[in-house]
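Report on the structure
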Amino acid sequence: MTVQSQRRSGGGYLERPAPSGLADVVEIILDKGIVIDAYVRVSLVGIEILTIDARIVIASVDTYLRFAEATNRLDLLEQGGGKPLDEFIGNMQESGAGRKVKGAVSGAKKAITSGDDDDDDDRRRSTKKSSSRRRSSA
Amino acid sequence: MTPPTPVTVEPATEADLGWFVYAVVDGDSELPGGLRGLDDEPVRAVPCGRVAAIVSRFRLERPPGRAAELMAFHTVIDTLAESLDAVVPVQFGSVLLDEDSVVDDLLAPDETWFGELVDSLRGRVQVVVQALYDQDTVLREIVAEDPEIAHLRELTRDVPEDAARGERVRLGELVAAAVDHRRTADSGWLLDELLPLVEAHVLRPVSGLERVLDVALLVDADRRDVLEERLEALAEEVHGRMRLRLVGPTAPYDFAQGH
C-alpha cells in the first residue's frame, strides 16, 4: 500500500517518493500506533529504542551559526560559483564584465558593450531568484 | 513480497516465546494467506468480540532490535492495509506473554474503545504531506526584505569564520526568526487548502531552514484522488519556491492514538 511510486497524470510537480529504506520506515512508524500499557507488555531491551524524536533540532548558537553560514554562502553562488555556464556569463554581461569572456560569447552577444566596472553590487542584484531552483540544499 | 527465507531456529519452549502484536482489526477480518512477520513467523488473528489483535510468535531471548524487525513489521501492516478495511497499528515493539494476555489484558478491557477506533478509521488511509523551501530562494527573499540582515551579511561574509562571531550569531538568529515567520504563513496557507479535503490531521514538528510543513492527513479512500489533484495543483503553484512531497498512502499510523 505504501509503494505508490508511479505518478498520476498531471504536471508532475508533486514529489512521490516510495518509502523503501530503513530510514523511511523509521520515519513512518516511529512513535506511532496504539500504546499498550507498560505493565501488560513484556519489556524488551533493544526493541523499544525508537522513542527518541530525532527530528527536532533545538535552536542553539550552533544552529544560528549554520543559518548565518547558509546566508553567507548565498554570496558565493551569486558571484558565479556552481552556476550553469550560461547564467554565469549572463551575469557577467549584465554587470559589464562581459569583455573578460568576450572570445567565448562575442558572436552571440555583440550588443554587450557597457563598460561599467563597478560591478560587485550589480552582479549581486542581477541574480534572478529562479536561478537557484536547481541547487538543492544540504 | 519477498519469498520467506527459511530460518534455522533452536526449538524454543513456551516460556521463551511471547506474542508480538502488530495491529488491531475487525473481529471478523480474514487475513491474507501466507502472511509472515518478524522472525518469519506466521501471522494470525486473536479475536475478542468485535475486534481482533494481529500477532505472531516471538522469541523473547534475542539480540537487540535489528533493522529486519522494523521492515518486517512495516510489511505486515502494509499487507494488511491492502486487504482489510481498517487496520489500527500498535506501537512497534509491543510484546505480550501469551495468548490469554492478548485477550484478557489487551483486548477485552477496552473492546468498545478498540471497536470505535477501528470504526473511525474504516475506509480511510493516511498520507503524509511535506513542504520544503528552496533554501536559496527563501534566503534571498529574506536578505532582500530585511536591511539589518543584509547589513550583517555584508559585515560577516568576507571575514574569517572565527571573527565577527557575535554578528554571525545575530545574523543567524534573525534569519531563523525570518524563516519561522515565513513558515507560519506558508504552512497556514497550505493547511487551509488541504484540511477541507480530509477527516483529520496531525502536525509533526518542523525546524531548520528547509522544512515548511510536515503533516499526516487522514483521508477517505474515495477522496484520495481529489486530494492528490489538489496537491498536484498546489505543487505547480509553489514550484521554484517550495517543493511538495506526498508519502503514502499508508495505514493510519498517526491516527492510532489514545490510551
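None of these values were measured; they are calculated from a predicted model.

Thresholds, definitions, all that
- Residues numbered from 1 in each chain as written.
- Chains lettered and ligands numbered in written order.
- Predicted model: local features only at pLDDT ≥ 70, side-chain atom pairs only at ≥ 80, totals over all residues.
- Heavy atoms only, no water.
- Pairing = 2+ DSSP bridges.
- Helix = DSSP H or I, 4+ residues; strand = E, 2+ residues; numbered from the N terminus.
- Axes fitted to C-alpha atoms, helices over the stretch in contact; angles between N-to-C directions.
- Contact = heavy atoms within 4.5 Å.
- pLDDT = per-residue confidence, 0-100.
- Expected span 1.5 Å × (residues − 1).
- Buried < 20%, exposed > 50% of the residue type's maximum accessible area, 1.4 Å probe, protein only.
- Phe/Tyr/Trp six-rings, centres within 6.5 Å; stacked < 30°, edge-to-face > 60°.
- Lys NZ or Arg CZ within 6 Å of the ring centre and 35° of its normal.

Turning our attention to the sheet that holds strand β6 (residues 124-133) of chain B. Residues and elements named next belong to chain B. The strand order β7-β8-β6-β9 describes an open sheet built from four strands, whose pairing is antiparallel. The outermost strands of the open sheet, each flanked by one partner alone, are β7 (200-203) and β9 (242-250). Taking the axes of each pair of neighbouring strands and ignoring which way they run, one obtains an average angle of 20° across the sheet. Where β7 lies against strand β8 (residues 211-220), four bridges are found, and the strand directions are antiparallel. Bridging from a neighbouring strand, A200 pairs with L218 of β8. Helix α7 (residues 224-238) rests against β6, β8 and β9 of the sheet, and its axis sits at about 160° to β9.

Attention now goes to the confidence of the model for chain A. Residues and elements named next belong to chain A. This prediction gives chain A a mean pLDDT of 54; 33% of its residues lie at or above 70. Mean pLDDT across the secondary structure elements of chain A bottoms out at helix α4 (residues 102-105), with 35, and peaks at helix α1 (residues 22-29), with 79. Predicted confidence is poor over residues 1-9, with pLDDT under 50, and the contacts of this stretch with residues over four places away or in other chains come to 25 contacts. A low-confidence stretch, residues 48-59 (pLDDT under 50), is modelled with 21 contacts involving residues beyond four sequence positions or located in other chains.

Over its 17 residues, helix α1 (residues 67-83) of chain B extends 25 Å from the first C-alpha to the last, a length consistent with the 24 Å expected when each residue adds 1.5 Å. Inspection of α1(B) places B:E69, B:L70, B:A72, B:F73, B:H74, B:V76, B:I77, B:D78, B:T79, B:L80 and B:A81 among the buried residues, and these make up the whole buried set. Residues of α1(B) that are buried sit in contact with α1 of chain A together with β1 (17-26), β3 (51-59) and β4 (87-89) of chain B.

With that settled, consider the environment of B:V55. All names here are of chain B. Relative to the helices and strands, V55 is located in strand β3. Sequence separation of V55 and T156 is 101 residues, and the distance between their C-alpha atoms is 59 Å. Residue contacts for V55: discarding those within four places in its chain leaves W19, F20, V21, Y22, P42, V43, R44, V46 and V102.

Time to look at the packing of aromatic side chains. Residues and elements named next belong to chain B. Going through the model one piece at a time under the given rule, you end up with seven aromatic pairs over all chains. When the ring of F20 is compared with that of F73, the centres are 6.1 Å apart and the planes differ by 70°; the resulting orientation is edge-to-face. Within this pair, whereas F20 is found in strand β1, its partner F73 is found in helix α1, the two being separated by 53 residues in sequence. Look at F20 and you get buried, because its relative accessible area is 0%. By the ring-pair criterion, three or more aromatic residues cluster together here, those being F20, Y22, F58, F73 and F92. Positioned above the aromatic ring of W19 is the side chain of R57, whose terminal nitrogen or guanidinium carbon lies 4.5 Å from the ring centre.

What follows is about the pairing of β1(B). All names here are of chain B. The buried fraction of β1 is high, at ten of ten residues. Examined bridge by bridge, β1 and β3 share nine bridges and lie antiparallel to one another. Residue pairing across strands places D26 opposite V51, the latter belonging to β3. As paired elements, β1 and strand β5 (residues 95-96) share two bridges and run antiparallel to each other. Across the sheet, the residue bridging to W19 is L96, located in β5. Direction of pairing for β1 relative to β4: antiparallel, over a ladder of three bridges.

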